[in-house]
Amino acid sequence: MGKNVLIVSASPRKGGNSDLLCLQFMTGAKAQGHQVEKVNLRETKIGYCLACEHCRQHDGMCVQQDDMGEILKKMGAADVIVMATPVYFYNMSGQMKTFIDRVYPVYPDISDKDLYFLMTSADERKEAMDTALAGFRGFLSCLGEVAEKGVVFGTGAWKIGDIKGKTAMTQAYEMGKNV
Ligand SMILES: Cc1cc2nc3c(=O)[nH]c(=O)nc-3n(C[C@H](O)[C@H](O)[C@H](O)COP(=O)(O)O)c2cc1C
């Protein structure tokens, strides 16, 4: 039976470089018969975590009625979660961080999942992604039984489409194929 794959894309640019890596991953996973859904954070309404602790007193229900509730349900149902971000000021994008903070109501219950991280930067150096990757790993360390299964470093991609033809594209496809 195919796996349930959820891809969370944090680029504000449709067809942006990290978004293209998501599509590669998706194509690979679909080729193997897995079910794939991609959530584009740019198309969602997600507020900042208010740290109000409402969720702690209300069975994991957030006080905010926005798109995060649906996404959390999808995360709970996924076998594989792919998180993709552009590098902004040598960190993950604000869209991705805001999303991560809103996992707060349920984070200990996110369990039995494989995680993949896809990142793109203008900088050619892999180290340009160290801080973003550390952030993803910090998030992962707070979850239940989850495993990091792969990271794609899409370096040297500045303008939309610069990632095309780079090895990161093949890597993302192969990772998707092998979930
Ligand atoms: C606000 C902003 C900050 C950025 N900061 C960095 C950076 O610190 N280092 C870097 O290498 N590229 C930086 N970039 C370039 C992006 O990481 C690069 O264009 C990336 O491929 C964008 O991914 P996307 O097309 O998926 O949005 C920045 C771009 C923007 C818009």
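Residues numbered from 1 in each chain as written. Predicted model: local features only at pLDDT ≥ 70, side-chain atom pairs only at ≥ 80, totals over all residues. Heavy atoms only, no water.

Per an unreviewed UniProt entry, the chain is named Multimeric flavodoxin WrbA, and its organism is Desulfoprunum benzoelyticum.

Engineer: Just to check I follow, could you spell out the site of the ligand for this structure?
Structural biologist: Lining the immediate environment of the ligand, one finds 17 residues, of which Ser11, Asn17, Ser18, Val87 and Ala157 sit closest. Here Val87 contributes a backbone N or O atom positioned 2.6 Å from an oxygen atom of the ligand. Phe89 places a polar main-chain atom, nitrogen or oxygen, 2.9 Å from a nitrogen atom of the ligand. Its free accessible area being 640 Å², the ligand has 83% of it covered by the protein chains. (Near = heavy atom within 4 Å. Polar contact = N/O pair within 3.5 Å; in protein donor to acceptor, adjacent residues only side chain to side chain. Areas by Shrake-Rupley, 256 points an atom, 1.4 Å probe, with all protein chains shown as cover.)

Engineer: Help me out: how do you make sense of the nonpolar core in this one?
Structural biologist: Across soluble globular proteins, nonpolar side chains show a tendency to be buried alongside one another. Residues Met75, Met83, Met96, Phe99 and Val103 are the most contacted members of the largest nonpolar core, which totals 32 residues. Elements with a minimum of two residues in this core: β1 (4-9), α3 (68-77), β3 (80-88), α4 (94-101), β5 (113-120), α5 (130-142) and β6 (146-154). If you tally residues by element for this core, the top one is α5, at five residues. Ignoring sequence-local partners within four residues, the contact set of Phe99 consists of Val8, Leu41, Ile46, Met68, Ile71, Met75 and Met83. Counting 22 residues, the second-largest nonpolar core is a separate cluster that includes Leu20, Leu21, Cys22 and Phe25. (Core = buried A, V, L, I, M, F, W, Y, C linked by side-chain atoms within 4.5 Å. Buried < 20%, exposed > 50% of the residue type's maximum accessible area, 1.4 Å probe, protein only. Helix = DSSP H or I, 4+ residues; strand = E, 2+ residues; numbered from the N terminus. Contact = heavy atoms within 4.5 Å.)

Engineer: When you look at the pattern of salt bridges in this model, what are you seeing that I'm missing?
Structural biologist: Side-chain pairs of opposite charge can arise where the charged atoms are in close proximity. Following the criterion strictly, the structure yields eight salt bridges and no others. Note that Asp19 is salt-bridged to Arg42, the shortest N-O span being 3.0 Å. You can see Asp19 sitting in helix α1 (residues 17-31) and its partner Arg42 sitting in the loop between β2 (35-40) and α2 (54-57), a full 23 residues away along the chain. Judged by relative accessible area, which is 25%, Arg42 ranks as partly exposed. Between Lys74 and Glu37 there is a salt bridge, and its shortest N-O distance comes to 2.7 Å. You can see Lys74 sitting in helix α3 and its partner Glu37 sitting in strand β2, a full 37 residues away along the chain. Assessed through its relative accessible area of 35%, Glu37 is described here as partly exposed. Here the residues in one salt-bridge network are Asp19, Lys38 and Arg42, joined through shared partners. (Salt bridge = Lys/Arg side-chain N within 4 Å of Asp/Glu carboxyl O.)

Engineer: How should the state of the cysteines be read in this particular structure?
Structural biologist: Cysteine pairs can be covalently joined through their sulfur atoms, and such a bond is termed a disulfide. Tallied over the entire structure, the rule returns zero disulfides. No disulfide involves Cys49; its sulfur sits 6.8 Å from that of Cys55, the nearest cysteine. For Cys49, a relative accessible area of 33% puts it in the partly exposed group. The closest cysteine sulfur to the non-disulfide-bonded Cys52 is located on Cys62, 6.4 Å from its own sulfur. Judged by its relative accessible area of 42%, Cys52 falls in the partly exposed class. (Disulfide = S-S within 2.5 Å.)

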